[in-house]
Amino acid sequence: WTTITGTPDWNVTVDPGQGSVSARFNGSAATVSADHTAFTNRGETWGYFKLKMGALPTASREIIRFQVDGAQSASSEIRVTATGELLIVNGTTASTATVSTMSTGTWYHVFWYLLKGTGADGIGWVGFTSDGTIPTGNNLSTRSNMDGTADIDIVRVTAQFSASTGPDFTIDRFLVDD
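Residues numbered from 1 in each chain as written. Predicted model: local features only at pLDDT ≥ 70, side-chain atom pairs only at ≥ 80, totals over all residues. Heavy atoms only, no water.

Notes on the overall build of the protein
Line of reasoning, step 1. Tallying secondary structure elements over the protein gives zero helices and 14 strands in all.
Line of reasoning, step 2. Sequence-ordered secondary structure for the protein, helices as α and strands as β, is β-β-β-β-β-β-β-β-β-β-β-β-β-β.
Line of reasoning, step 3. Its C-alpha atoms give the protein a radius of gyration of 15 Å, near enough to 16 Å, the size a compact globule of 178 residues would have.
Line of reasoning, step 4. Projected onto its principal axes, the C-alpha coordinates of the protein cover approximately 45 × 35 × 35 Å.
Line of reasoning, step 5. Among the 178 residues that make up the protein, the fraction classed as buried is 46%.
Line of reasoning, step 6. For the protein, restricting intrachain contacts to residue pairs at least 6 apart in sequence, the fraction spanning at least 24 positions comes to 66%.
Line of reasoning, step 7. Entry remark: accessible area of the protein is about 7800 Å², with carbon and sulfur atoms responsible for 48%. (Helix = DSSP H or I, 4+ residues; strand = E, 2+ residues; numbered from the N terminus. Rg over C-alpha atoms; globule rule 2.2 N^0.38 Å. Buried < 20%, exposed > 50% of the residue type's maximum accessible area, 1.4 Å probe, protein only. Contact = heavy atoms within 4.5 Å. Areas by Shrake-Rupley, 256 points an atom, 1.4 Å probe, with all protein chains shown as cover.)

A few points about unusual backbone geometry
Line of reasoning, step 1. Non-glycine residue Asp-15 carries a positive phi angle of around 50°.
Line of reasoning, step 2. Along the polypeptide, Asp-15 turns up in the loop between strand S2 (9-12) and strand S3 (22-26).
Line of reasoning, step 3. Positive phi, normally seen in glycine, also occurs at Arg-173, with a value near 50°.
Line of reasoning, step 4. With respect to the element layout, Arg-173 can be found in strand S14 (residues 168-177).

Some thoughts on the confidence of the model for the protein
Line of reasoning, step 1. Of the residues in the protein, 94% reach a pLDDT of 70 or more, and the chain-wide mean stands at 87.
Line of reasoning, step 2. No element of the protein has a lower mean pLDDT than strand S9 (residues 93-94), which averages 78, and none a higher one than S2, which averages 95. (pLDDT = per-residue confidence, 0-100.)

A look at the environment of Val-110
Line of reasoning, step 1. Tracing the backbone through its elements, the reader meets Val-110 in strand S10 (residues 107-115).
Line of reasoning, step 2. With relative accessibility at 1%, the residue Val-110 sits in the buried group.
Line of reasoning, step 3. Sequence-wise, Val-110 and Ala-82 are 28 residues apart; in three dimensions their C-alpha atoms are separated by 17 Å.
Line of reasoning, step 4. When residues no more than four places from it in sequence are discounted, the contact partners of Val-110 are Gly-47, Tyr-48, Phe-49, Leu-51, Leu-86, Val-126, Gly-127 and Phe-128.

Quick look at the packing of aromatic side chains
Line of reasoning, step 1. For the structure shown, the criterion picks out twelve aromatic pairs.
Line of reasoning, step 2. Centroid distance Tyr-108 to Phe-128: 5.4 Å. Interplanar angle 85°. Geometry classified as edge-to-face. Taken together, the residues span a long stretch of sequence, with Tyr-108 in strand S10 and Phe-128 in strand S11 (residues 122-129) at a distance of 20 residues.
Line of reasoning, step 3. A residue is classified by how much of its surface remains accessible, and Tyr-108, at 7% relative accessible area, is buried.
Line of reasoning, step 4. Judged by its relative accessible area of 2%, Phe-128 is buried.
Line of reasoning, step 5. In this structure an aromatic cluster arises from ring pairing among Trp-1, Trp-10, Phe-25, Phe-49, Phe-66, Trp-112, Phe-169 and Phe-174.
Line of reasoning, step 6. A cation over a ring is seen here: Lys-50 above Trp-107, with NZ or CZ 5.9 Å from the ring centre. (Phe/Tyr/Trp six-rings, centres within 6.5 Å; stacked < 30°, edge-to-face > 60°. Lys NZ or Arg CZ within 6 Å of the ring centre and 35° of its normal.)

Some thoughts on the pairing of S3
Look at any regular strand and the pattern is simple: side chains alternate between the two faces of the sheet.
Line of reasoning, step 1. As defined by bridge partners, S2 adjoins S3 across two bridges and the pair is classed as antiparallel. Each bridged residue has a counterpart across the sheet, and for Asp-9 the counterpart in S3 is Arg-24.
Line of reasoning, step 2. Two elements, S3 and S14, share four bridges in a ladder whose sense is antiparallel. Following the sheet pairing, Ala-23 is matched in S14 by Ile-171. (Pairing = 2+ DSSP bridges.)

Structural data, given as structure tokens:
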């Protein structure tokens, strides 16, 4: 992990998601982010992490960014809404958010999948459950016809602050595969 902006708290010991320590990203006053460079130039990736929202943002905000070729620009993002829904964004186009919502103070299992395309035929999905099973139905947000032919090489965790309050969340067991 490489801290990019702000100061993530890497040593949260109160109610950790797994083991004895979790990491907190508090974006309530400023953006906090860190990069996880797990691989080089992959067209397909999936992952999992545990997530506990301390506070929801006042508007839809980024919590995970998938970056391409070492660039600072996002290929795709996972966002959380003010009501606790998750969605995946590609460029400026968002998927329909999950119907189910997350509550603050509860640990959730978040899963995602991205597959680049040859133009506007990439796919992605994000979802969550409280029991660790693969999300389906109202707990899943999918997006097809995603633009982008570039490979992903950085996964950034970020509590994105903007003119309104950003999210405050704790993560644990962050896994990325290709």
